[in-house]
Amino acid sequence: MAATTPKLADSEAQRTSLPVYPANVDAPAATGTALAAPPHNHGCGSHGPNIDYELVLDCVHCGLCTASCPTYVETGNEADSPRGRIYLMRQVIDGALELDTDVKQHLDLCLNCRACETACPSGVQYGKLIEPFRAFMNEKEPGRQTESLNALQKFLLFNVFPYRWRNRIALAPARLMQWTGLDWLSEKSGLTGLLPRSLRNMKNMLPALKPHYGSLPEVLEPIGKPRARVALFLGCVADSLYPETNYATAKVLQANGCEVWIPRAQTCCGALHYHAAEEAEARTFAAANCEAFGATDLERFKGVDAIISNAAGCGFQLKDYSHMMHDTPEAEAAARFQSKVRDVSEFLMELGPVKPKHELRVRATYHDACHLRHAQQIFKQPRQLLEMIPGLELIPLPESELCCGAAGSYNLTQPEMAARLGDRKVANIASTAARAMFTGNVGCLMQITRHLKAAGQNVWAAHPVDALWASYSGEMPAQLTAAGV
């Protein structure tokens, strides 16, 4: 079994495995000349996973990815950079390096944020290397991806989080405690400190839970001239923790002339299982969604203009269905489904958004969710929507494209690095003096909200569509009203 991640600051393994370069400097200064490519002994993947070896060879080891890599920026260790990890994977594939504990630790520490893909001038598809390599490691040691989690965390991750109604039931006690003040009382009295550390960490990740909208009609009629018919993907964790965002998304789409269909049989996107190397379960969810959204029926599916997601992680997983299901009976339906998936900001800018009228006078900033900015290459659209809002002042966020440390279940499996990145993100937000921070992913919202609270910063953290709906409806968010904005 793999060992737990060592202390990042003083790990002997990290200091000696590959050359270490200083962090927090421009890429050319940090990397010097390009690393020599490792010796190529086989080139056929005979000692590792079944990876297209040409994808490995795409990396020329120039080092331009290092400054964009969150783990390298934090540790300054070459083995914690994208090119360093590709170097390690290639050595293992070629049989020149054993897949030992040190190698696995460096690969496990990767957030799979894909920032390196955005930065890479050679078009290296890093995700198509790290994901199958992790699946290969899991085949050799089943369950290793989540071995650092306790039994309760594993149960929640695989048996509660992927199901909307189970999430709502599981969160009912937390909602009750927040609304009655028992949560505050338990903190002040020290009772929370009696909980196991893992439970305390999960509790601290919870945002202020809003009342759930209940159940929206299966079909919402467009407001004004009909312009499109869309299907809304609700997600699972997002719908339970941030129900106001799904409500706002549906209402904003209506306000833009969309008929909104909410399929009742939709399920989890499958990302939680897929990134834990539980591919069979992830494919089951994908097949169910293809059926629920009508992608198995060509004629029926022609009536849907787009499938809308408002969570970056879910959206990318939905857009990856064709790859995930390529050798299954549902491959054709998956490709059809994937072709119509759009992030809500992407779709609205394609459609041509109706300009909102109500002022939202607030200084705000925007954080790029990794699976929106890097995996989906959606960068301008959320900012364009926010800039439409009268009175809203949008301030650039330093290191906006750097991961906040959430990365799905990463903040559970790699809590030390996740905490360091969360603190870094909040320090950057503080430097903008913004009163609101927007981002397009539920994991980012949870992570950043947690660290904002710990730092004592009173900042409204929300999805851009929440601000957009406030400007359409004139309903000022409670977080800003309470602060006198």
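The model shown is predicted, which means the values in this text are computed figures rather than measured ones. (Residues numbered from 1 in each chain as written. Predicted model: local features only at pLDDT ≥ 70, side-chain atom pairs only at ≥ 80, totals over all residues. Heavy atoms only, no water.)

A.B. asks: I'd like a description of the overall build of the protein chain, backed by residues and values.
C.D. replies: Secondary structure summary: the protein chain contains 28 helices and 9 strands in total. In the protein chain, which comprises 485 residues, the share counted as buried stands at 55%. Here the contacts in the protein chain between residues at least 6 apart in sequence split such that 77% fall between residues at least 24 apart. Of the roughly 20,200 Å² of accessible surface on the protein chain, 55% is carried by carbon and sulfur atoms. (Helix = DSSP H or I, 4+ residues; strand = E, 2+ residues; numbered from the N terminus. Buried < 20%, exposed > 50% of the residue type's maximum accessible area, 1.4 Å probe, protein only. Contact = heavy atoms within 4.5 Å. Areas by Shrake-Rupley, 256 points an atom, 1.4 Å probe, with all protein chains shown as cover.)

A.B. asks: Which residues make up the sheet that holds strand 9 (residues 460–462), and what values do they have?
C.D. replies: Here we have 4 strands laid out as an open sheet, ordered 7-6-8-9, and parallel in their pairing. A strand with exactly one partner marks an edge of an open sheet, and here the two such strands are strand 7 (392–395) and strand 9. Averaged over all adjacent pairs, the angle separating strand axes in this sheet is 30 degrees, with direction ignored. Looking at chain direction, strand 6 (residues 362–366) and strand 7 are connected through 4 bridges and run parallel. What sits directly across from T365, in strand 7, is I395. Running over the sheet, helix 23 (residues 380–387) touches strand 6, strand 7 and strand 8 (436–438) and is turned about 150 degrees from strand 7. Most of the contacts of helix 26 (residues 442–454) go to strand 9, to which it runs at about 170 degrees, and overall it touches strand 8 and strand 9. (Pairing = 2+ DSSP bridges. Axes fitted to C-alpha atoms, helices over the stretch in contact; angles between N-to-C directions.)

A.B. asks: Would you mind going over the environment of L107 in detail, with residue names and values included?
C.D. replies: Locating L107 in the fold gives a position in helix 6 (residues 101–108). In this structure, the C-alpha to C-alpha distance between L107 and D80, residues 27 residues apart in sequence, is 7.7 Å. What L107 contacts, discounting residues up to four positions off in sequence, is R85, M89, I130, F133, R134 and M137.

A.B. asks: Pulling in residues and values, what's your account of the packing of aromatic side chains?
C.D. replies: Within the structure shown, the criterion is met by 7 aromatic pairs. Above the plane of the ring of Y163 lies R166, whose end atom (NZ or CZ) is 3.9 Å from the centre. When the ring centre of F301 is taken as reference, the NZ or CZ atom of K340 above it lies at 4.5 Å. (Phe/Tyr/Trp six-rings, centres within 6.5 Å; stacked < 30°, edge-to-face > 60°. Lys NZ or Arg CZ within 6 Å of the ring centre and 35° of its normal.)

A.B. asks: Outline the environment of T66, supporting the account with residue identities and numerical values.
C.D. replies: Tracing the sequence through the fold places T66 in the loop between helix 3 (53–57) and helix 4 (70–75). Under the relative-accessibility criterion, T66 is labelled buried at 0%. Residues T66 and S81 lie 15 residues apart in sequence; the distance between their C-alpha atoms is 5.6 Å.

A.B. asks: Please give an account of unusual backbone geometry that cites residues and values.
C.D. replies: Its identity is not glycine, yet R114 carries a phi of approximately 70 degrees, on the positive side. By the secondary structure assignment, R114 is in the loop between helix 6 and helix 7 (115–119).

A.B. asks: Now, about the pairing of strand 6: what can you tell me, with residues and values included?
C.D. replies: Strand 6 sits mainly inside the fold: 4 of its 5 residues count as buried. With 3 bridges connecting them, strand 6 and strand 8 associate as parallel partners. Opposite A364, over in strand 8, you have A436 as the bridge partner.

A.B. asks: Quick one: what's the story with helix 5 (residues 82–93), residue by residue and with numbers?
C.D. replies: Here helix 5 contains 12 residues, and its C-alpha end-to-end distance of 16 Å stays within 8% of the 16 Å for a straight helix at 1.5 Å per residue. Buried residues dominate helix 5, accounting for 12 of its 12 residues. Turning to helix 5, its buried residues number three or more, namely P82, R83, G84, R85, I86, Y87, L88, M89, R90, Q91, V92 and I93. One or two positions beyond helix 5, positive phi appears at G95, with a value near 80 degrees. (Expected span 1.5 Å × (residues − 1).)

A.B. asks: Now, about the packing of helix 6 against helix 8 (residues 127–140): what can you tell me, with residues and values included?
C.D. replies: Between helix 6 and helix 8, whose axes approach to 11 Å, the crossing angle comes to 135 degrees. Classified by the angle between their axes, helix 6 and helix 8 sit oblique to one another. Remark: the crossing between helix 6 and helix 8 carries left-handed chirality. Here K104, L107 and D108 of helix 6 come into contact with helix 8, specifically with I130, F133, R134 and M137. The residue makeup of the contact of helix 6 with helix 8, split by class, is 4 nonpolar, no polar and 3 charged. (Parallel < 35°, antiparallel > 145°, perpendicular 65-115°, else oblique. Left-handed = near helix turned anticlockwise from the far one by under 90°. Nonpolar A, V, L, I, M, F, W, Y, C, P; charged D, E, K, R; others polar.)

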